[in-house]
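Each chain, written out:
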Amino acid sequence: MRHFRRYIKPILNAAAIDFEVYTENRQGDIRAQVAEKVRQLRRDQIAKQAADEAKQAQIAYEKSWSKFWRESVPLVLKEFKKTEQEPEKYVSRQDLYTPMDVLGLYRIIEPVSPARDHGDDALLCGGVVCIGRGAYKDAKTDTETEKKAPEVADFAEKEGEGQKKQDPVPKPYILPSDYAQGELAPELDFEQVIRNNKNAPVIFEQPLYVFPVPKLSGFLNMPRKIYRYFTTSEMAEEVSENTMCVVNGNSRPFEFKDKFLGKEEEVDWPKKWVERGKAKNSEWVQELEVDERVTSRMKVFDSGK
């Protein structure tokens, strides 16, 4: 987060870009959050389809003879019956009128409703920025299926009596080796850009970019640390230029080489940490596998250099 706060966030704030931050303390947290967001999108789509079916059924009922005999005929017969006159009910003035009705401004001028810039262009109304290679792998790993998976704790989680217990991170619902056989969400219409209830493209329809996080550890890497310290301005300038590509919305279709975005960061990872991760089948140290059916819809921010 320090890399984001120092070099990326100031530019996004200066450009008046709204953003939502997903953070993780364990491997798989971001993947689980993104996957749950996709599942919620599917639930909303199912609920919308059910509401549309109920609306169509109601329209058909309004035009049917069933309504005529069940509602219209009894209502006509009821009018012929003598009923006692209902007493008058007094309603408070505050319940009858609002300040806008009294002033009458909205009878002359149409109310102002906020509108999103480039709301109809899916390439210019959103984006995903991953800080670090691990976050990129987490964001792209999970694909929703109907298969239930067990839960597993992160291999790097520290153990101790004084540590607060956390719920284990759910495992991916589908393994990378099963991507080709997996079924895409049947509730979503992949013939067009998928949008949420705010008419914005969903997260996997937005262009993405990966900022590698330079971080060295170990005494033997001290000379490289010193060199990077004195060349921080060059790194900051490069990050700023790439952030401006995100702000300007310069993007291109996803290519095969983009699965290696931020790959240079893995060179700085401690070797013992990588070996321990491979032994415990950690997600971050595995090779990133992608599904062409998904990546064919994706875009990547690019400066064109």
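Remember, it's a predicted structure, so these values are computed and weren't measured experimentally.

Caption draft 1: The arrangement of the side chain of Asp268 in detail. Relative to the elements of secondary structure, Asp268 occurs in the loop between strand S5 (251–253) and helix H9 (271–279). Polar contacts involving the side chain of Asp268 include one to the side chain of Arg224, which spans 3.2 Å. Once residues lying within four places of it in the same chain are set aside, the contact partners of Asp268 are Pro214, Lys215, Leu216, Arg224 and Arg228.

Caption draft 2: Just a nonpolar patch on the surface, in detail. A cluster of nonpolar side chains, Phe219, Leu220, Met222, Ile226, Tyr229 and Phe230, forms an exposed patch at the surface whose accessible area comes to about 810 Å². With respect to the helices and strands, Phe219 occurs in the loop between strand S4 (208–211) and helix H7 (222–230).

Caption draft 3: Inspection of a negative patch on the surface at higher detail. Residues Glu234, Glu237, Glu238 and Glu264 make up a contiguous surface patch of negative charge. Take Glu237: it is sitting in helix H8 (residues 232–248).

Caption draft 4: The arrangement of the pairing of S4 in detail. A two-sided burial pattern is seen for S4, the buried positions comprising Leu208 and Val210 on one face and Tyr209 and Phe211 on the other. Note: strand S1 (residues 128–131) against S4, 4 bridges, orientation parallel. Of the residues in S4, the one forming a bridge with Ile131 is Phe211.

Caption draft 5: Structural view of H9. Of all the residues in H9, the buried ones are Trp273, Val274 and Gly277. Across the axial projection of H9, the buried residues extend over an arc of 100°, all falling on one side. Those residues of H9 that are exposed and angled more than 90 degrees off the buried face are Lys271, Lys272, Glu275, Lys278 and Ala279.

Caption draft 6: Spatial organisation of the pattern of salt bridges. Counted by the stated rule, this structure contains 12 salt bridges. Arg252 is the salt-bridge partner of Asp258, the closest N and O atoms lying 2.8 Å from each other. The structure contains a network of salt bridges with shared partners spanning Arg252, Glu255, Lys257, Asp258 and Asp302.

Caption draft 7: Molecular detail of the nonpolar core. In this structure, Cys130, Tyr136, Leu208, Val210, Phe254 and Leu261 are the most contacted members of the largest nonpolar core, which totals 13 residues. When residues no more than four places from it in sequence are discounted, the contact partners of Tyr136 are Cys130, Leu208, Val210, Phe254, Asp258, Lys259, Leu261 and Leu288. Within the second largest apolar cluster, 10 residues are counted, among which are Tyr7, Phe211, Ala236 and Val239.

Caption draft 8: Geometry of the packing of helix H1 (residues 2–14) against H8. Here H1 crosses H8 at 40°, and the two axes come no closer than 9 Å. Classed by the angle they form, the pair H1 and H8 counts as oblique. Crossing of H1 against H8: the hand is right-handed. In this structure, H1 contributes His3, Tyr7, Ile8, Ile11 and Leu12 to the contact, and H8 contributes Thr232, Met235, Ala236, Val239, Ser240, Thr243, Met244 and Val247. Looking at the contact of H1 with H8 residue by residue, the class counts come to 9 nonpolar, 4 polar and no charged.

Caption draft 9: The arrangement of the packing of aromatic side chains in detail. The full count for this structure, using the stated rule, is 5 aromatic pairs. With centroids separated by 5.3 Å and ring planes inclined at 85°, the aromatic side chains of Tyr229 and Phe230 adopt a geometry described as edge-to-face. What makes Tyr229 exposed here is its relative accessible area of 61%. Taking the centre distance of 5.9 Å and the plane angle of 80° together, the rings of Phe256 and Phe260 count as edge-to-face.

Conventions and cut-offs
Residues numbered from 1 in each chain as written. Predicted model: local features only at pLDDT ≥ 70, side-chain atom pairs only at ≥ 80, totals over all residues. Heavy atoms only, no water. Helix = DSSP H or I, 4+ residues; strand = E, 2+ residues; numbered from the N terminus. Polar contact = N/O pair within 3.5 Å; in protein donor to acceptor, adjacent residues only side chain to side chain. Contact = heavy atoms within 4.5 Å. Patch = residues over 30% accessible without salt bridge, like charges linked within 9 Å, V, L, I, M, F, W, Y side chains within 5 Å. Areas by Shrake-Rupley, 256 points an atom, 1.4 Å probe, with all protein chains shown as cover. Salt bridge = Lys/Arg side-chain N within 4 Å of Asp/Glu carboxyl O. Lys, Arg positive; Asp, Glu negative; His and termini not counted. Charge placed at Lys NZ, Arg CZ, Asp CG, Glu CD. Buried < 20%, exposed > 50% of the residue type's maximum accessible area, 1.4 Å probe, protein only. Pairing = 2+ DSSP bridges. Arc of directions from axis to C-beta. Core = buried A, V, L, I, M, F, W, Y, C linked by side-chain atoms within 4.5 Å. Axes fitted to C-alpha atoms, helices over the stretch in contact; angles between N-to-C directions. Parallel < 35°, antiparallel > 145°, perpendicular 65-115°, else oblique. Left-handed = near helix turned anticlockwise from the far one by under 90°. Nonpolar A, V, L, I, M, F, W, Y, C, P; charged D, E, K, R; others polar. Phe/Tyr/Trp six-rings, centres within 6.5 Å; stacked < 30°, edge-to-face > 60°.

Treat this as a map of the structure, not an account of what it does.
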